[in-house]
Amino acid sequence: MAAEYATFGLAPATRAGGVHADGDFQVHRDFMDFVVDGRPLLFRLSDLDAVSPLASDVPPAIFTAQVRGLLLEADAPLPGGRYVIYGCPECADLACGAVTAVILRDGDDFVWRDFAWQTAEHADLELNAYPGIGPYRFSGAEYRAALAGLLDGSAHPARRVLLIGARVALLARLAAALRTIGIGADITQDARDVPADELRTYDAVAFGRAVTGEQRASVGRAFADAGVDVAHVDGLAPIVPVLVAQIEHALARGPAEGRRLTRLTASAAGAEVEVTSPCRVRLTAYRLDRLHRTHVREVFDGVLEPGAHRVALEAGAVKGEAFVVARTPGSVLVTAVTRGVPGRG
């Protein structure tokens, strides 16, 4: 079978959730992505919002079944020996669309081939194949070792964040928004009152702008005494979608160099965004007026090629105290709008 050898691995990845300007939301998902020749396979699919079947929030029995399926220890779920490689992050329904591929054994090797976009029981390779992706031949030993390592029952638990601030009503709305997208959130005024065992269940702590340096230090000591290192989020503004985006970024799994969205800066003149692979990027501007009312404007939505890009911002969108949120399928960044030139201070 003609296919050159490729390396196979797995890496933690995140499909960032979020609250959109129109009130809609998308769910936060942690999953294991497939790494082929050192690069996440998902990055080869430029405009795809999807997760692999190896998601941390699926029941253990289903997670194990997914792994054993990829090891060909169970029958293929789709005709023609096809397996779901990436599916809908919201419902995992094939009708929403999925990337599938044929997985088969060739001697001791595993081969992935005939990648396609599929929305029904049978794939149409003439219309919906992915040219240039695959076939991939993986060494059996490397392939089995990577997947078998997931069968120890240590799937990642749901993410949790501790919220600390003076504006209880805002924190309550933020906690509700986070829970809606699948992130656990609790509110406290003093982490010293939280038992150490409970502190160890948090992945991040988020501070409101009114929290003093002394309070932050006290919280830091409480987590240190509990023997846990958590991400610290300094809230940029009392705007729930901005705070959600900041927390989503803090909870992102995997190394920073493995993310699509790597840099975001913004000034009144424009925003600069940098991506590592072709992907859809959405930029949303939020600003507070003199009465501290929030104004929202979508400023860009399109597919960008790898590299740095400049996006013009209308003056009205970033007047006064303003912020820009950038999203790709799987990454999110937030920045305050400065009055200098993007990327130069």
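Residues numbered from 1 in each chain as written. Predicted model: local features only at pLDDT ≥ 70, side-chain atom pairs only at ≥ 80, totals over all residues. Heavy atoms only, no water.

- By the naming in an unreviewed UniProt entry, the protein is Oxidoreductase, taken from Streptomyces violaceoruber.

Topic: the overall build of the protein
Then step 1. Looking only at helices and strands, the protein has seven helices and 20 strands in total.
Then step 2. What you see for the protein is a C-alpha radius of gyration of 22 Å, in line with the 20 Å of a compact globule of 345 residues.
Then step 3. Dimensions along the principal axes, computed over C-alpha positions, put the protein at roughly 65 × 50 × 35 Å.
Then step 4. When the 345 residues of the protein are sorted by exposure, 48% land in the buried category.
Then step 5. By sequence separation, contacts in the protein at least 24 residues apart represent 63% of the contacts at least 6 residues apart.
Then step 6. Carbon and sulfur atoms form 52% of the exposed surface of the protein, whose accessible area is close to 15800 Å².
Then step 7. Computed over 35 positive and 42 negative side-chain charges, the inter-centroid distance for the protein is 8 Å. (Helix = DSSP H or I, 4+ residues; strand = E, 2+ residues; numbered from the N terminus. Rg over C-alpha atoms; globule rule 2.2 N^0.38 Å. Buried < 20%, exposed > 50% of the residue type's maximum accessible area, 1.4 Å probe, protein only. Contact = heavy atoms within 4.5 Å. Areas by Shrake-Rupley, 256 points an atom, 1.4 Å probe, with all protein chains shown as cover. Lys, Arg positive; Asp, Glu negative; His and termini not counted. Charge placed at Lys NZ, Arg CZ, Asp CG, Glu CD.)

Considering the packing of helix α4 (residues 168-180) against helix α7 (residues 240-251)
Then step 1. Contact geometry for α4 and α7: axes closest at 10 Å, N-to-C directions at 55 degrees. Comparing their axes, α7 and α4 come out oblique. Between α4 and α7 lies a crossing of right-handed hand. Contacts from L170, R173, L174, A177 and L178 in α4 reach V240, L243, V244 and I247 in α7. (Axes fitted to C-alpha atoms, helices over the stretch in contact; angles between N-to-C directions. Parallel < 35°, antiparallel > 145°, perpendicular 65-115°, else oblique. Left-handed = near helix turned anticlockwise from the far one by under 90°.)

Structural notes on helix α3 (residues 140-148)
Then step 1. Along α3, the positions that sit buried rather than exposed are G140, Y143 and L147. Around the axis of α3, the buried residues are gathered within 70 degrees of arc, so they sit on the same side.
Then step 2. In this fold, the buried residues of α3 make contact with β1 (8-15), α1 (60-70), β7 (98-106), β8 (109-118) and β9 (136-138). (Arc of directions from axis to C-beta.)

So, the side chain of Q118
Then step 1. Within the secondary structure, Q118 sits in strand β8.
Then step 2. For Q118, the side chain forms a polar contact with the side chain of R82, separated by 3.3 Å. (Polar contact = N/O pair within 3.5 Å; in protein donor to acceptor, adjacent residues only side chain to side chain.)

Observations regarding the pairing of β8
Then step 1. Burial runs high along β8: seven of the ten residues are buried.
Then step 2. Across eight bridges, β7 lies against β8 in antiparallel orientation. Looking at β8, one finds that D106 is bridged to D109.
Then step 3. Hairpin connection of β7 to β8: two residues between the antiparallel strands, including G107 at a positive phi of 65 degrees.
Then step 4. Both β8 and β9 contribute to a ladder of three bridges, which runs antiparallel. If you follow W112 over to β9, its bridge partner there is Y136. (Pairing = 2+ DSSP bridges.)

Quick look at the sheet that holds β7
One key point about sheets: their strands pair by backbone hydrogen bonds, in either a parallel or an antiparallel sense.
Then step 1. The strand order across the open sheet formed by four strands is β6-β7-β8-β9, and the pairing between neighbours is antiparallel. Looking at the sheet topology across the chains shown, the edges are occupied by β6 (82-86) and β9. Sheet twist, expressed as the mean angle between neighbouring strand axes with direction ignored, is 35 degrees.
Then step 2. Against the sheet, α3 makes contact with β7, β8 and β9, and its axis sits at roughly 65 degrees relative to β8, the strand it touches most.

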